[in-house]
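# Coordinate analysis (summary)
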Amino acid sequence: MILYATELSSYSLKVRLAAALKGLVLDLRAPPEGYRSAAYRALVPSGTVPALVDGDFTLAESDTILEYLEDRFPRPALLPDDPRGRAQARFLGRLHDLRLEPKLRACFPGVATGTVPAGTETAIAADLALIDGALDPEGPFAVGPVPSLADCAYPASFAIIEALAPVFGWRLEPAARTARWRAALAAHPVFEDLLTPYRAALAAWVASKR
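Structure report, in brief. Numbering of residues starts from 1 in every chain and runs along the sequence as written. Predicted model: local features are reported for residues with pLDDT of at least 70 only, side-chain atom pairs are reported and counted for 80 or more only, and whole-chain, interface and lining totals are derived from all residues. The side-chain quantities take in all heavy atoms of the structure and omit both hydrogens and water.

## Concerning the pairing of strand β4 (residues 57-60)
Pairing of strand β3 (residues 51-54) with β4 involves four bridges; the strand directions are antiparallel. Opposite Val53, over in β4, you have Thr58 as the bridge partner. Adjacent in sequence and paired antiparallel, β3 and β4 are bridged by two residues, among which Gly55 carries a positive phi angle near 65 degrees. A pair of strands counts as paired when DSSP detects no fewer than two bridges linking them. Working definition: helices are DSSP H or I runs of at least four residues, strands are E runs of at least two. Numbering for both runs from the N terminus.

Below you can see the structure in the form of structure tokens.
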């Protein structure tokens with residue numbers, strides 16, 4: 001399977017983490033001539049990354065790709081067996097994609113000047129508190145004792161927060177459940193193996209804008 005991805009795309013990393021947890025080896029490719037190019041749109045009509053190509057089937061949008069991989073390769077499972085656990089995993093995924101990640105992405109244009117709109121840190125802190133309250137109280141992962149799809153989106157965003165905090169003077173300290181969760185992610189080899197180069201690429205990007 002081919003995965004069209006870029007090194008700074010948090011959604012690309014989300015799919016790569018899920019695939020790695022399943023033991024899948026993806027053929028990683030950069031979008032030809034860039035993801036805004038006509039050449040890439042000829043392959044992926046939406047022109048977005050990541051995009052998965054499985055034989056004659058092409059699929060875009062990270063959550064859709066994750067669900068497809070879960071159906072196509074059901075073991076090891078990355079969703080809990082019970083309906084409530086599965087729903088909670090999907091809910092946490094939505095909190096990330098619809099609330100936290102857009103706020104972080106909106107900060108990128110301000111990296112050059114070190115400024116973001118007033119209230120940005122407070123809004124991000126509110127999202128992080130909501131996410132903390134939705135985590136499994138026993139943990140150590142988002143919805144239980146083993147990683148799930150809910151754990152795949154957040155590592156990139158945590159890395160982004162770490163990279164942007166010094167730029168904007170943020171003081172976003174993780175709450176108790178989140179601190180335990182992040183420690184579990186850091187101790188898991190799949191997450192750290194992919195996060196190390198992601199952090200390096202992110203740091204280089206931030207430095208290039210300063």
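## Here we look at the sheet that holds β4
Sheet architecture is open: four strands sit in the order β2-β1-β3-β4, paired in mixed fashion. For this open sheet the edge positions go to β2 (27-29) and β4, each flanked by a neighbour on one side alone. Strand-to-strand twist in this sheet, taken as the mean axis angle between neighbours without regard to direction, amounts to 20 degrees. Any two residues whose heavy atoms approach within 4.5 Å are treated as being in contact. Axis geometry follows a simple rule: fit a line to the C-alpha atoms, using only the stretch in contact for helices, then measure angles between N-to-C directions, giving values from 0 to 180 degrees. Sheet strands in contact with helix α3 (residues 62-72) are β3 and β4, and its direction is about 130 degrees off that of β4.

## Some thoughts on helix α1 (residues 10-21)
In an α-helix there are 3.6 residues to a turn, and that puts residues three or four apart on one side. To estimate the expected span of a helix, count its residues, drop one, and scale the result by 1.5 Å. Its 12 residues give α1 an end-to-end C-alpha distance of 17 Å, which sits within 8% of 16 Å, the value for a rise of 1.5 Å per residue. Here the term buried applies to any residue with accessible area under 20% of the maximum for its type, exposed to any over 50%, and partly exposed to those in between, with areas from a 1.4 Å probe on protein chains only. Of all 12 residues making up α1, 10 are buried, and the element is well covered by its neighbours. Those residues of α1 not exposed but buried are Ser10, Tyr11, Ser12, Leu13, Lys14, Val15, Leu17, Ala18, Ala19 and Leu21. Its buried side turned inward, α1 meets β1 (2-4), α3, α4 (83-107), α6 (150-168) and α8 (189-209). Positive backbone phi, approximately 75 degrees, marks Gly23, located one or two places after α1.

## Quick word on α8
With 21 residues, α8 extends 31 Å from end C-alpha to end C-alpha; this agrees with the ideal 30 Å at 1.5 Å per step. In this scheme, the bend at a residue equals the angle between the axes fitted to the seven residues that finish there and the seven that begin there. At Leu195, α8 shows its largest kink, close to 30 degrees, and the proline Pro197 lies no more than four residues downstream. Buried within α8 are the following residues: Val190, Phe191, Leu194, Leu195, Tyr198, Ala201, Leu202 and Val206. Turning to α8, the residues buried within the fold contact α1, α6 and α7 (176-187).

## Some remarks on the packing of aromatic side chains
For this analysis, a ring pair means two rings from Phe, Tyr or Trp (six-membered ring only for Trp) whose centres lie within 6.5 Å, classed as stacked if their planes differ by under 30 degrees, edge-to-face if by over 60, and tilted for the remaining angles. Evaluated as defined, the whole model comprises seven aromatic pairs. Here Tyr154 and Trp181 contribute two aromatic rings whose centre-to-centre distance is 5.0 Å and whose plane-to-plane angle is 70 degrees, an arrangement assigned as edge-to-face. Of this pair, Tyr154 sits in helix α6 while Trp181 is found in helix α7, placing the two residues 27 residues apart along the sequence. What makes Tyr154 buried here is its relative accessible area of 0%.

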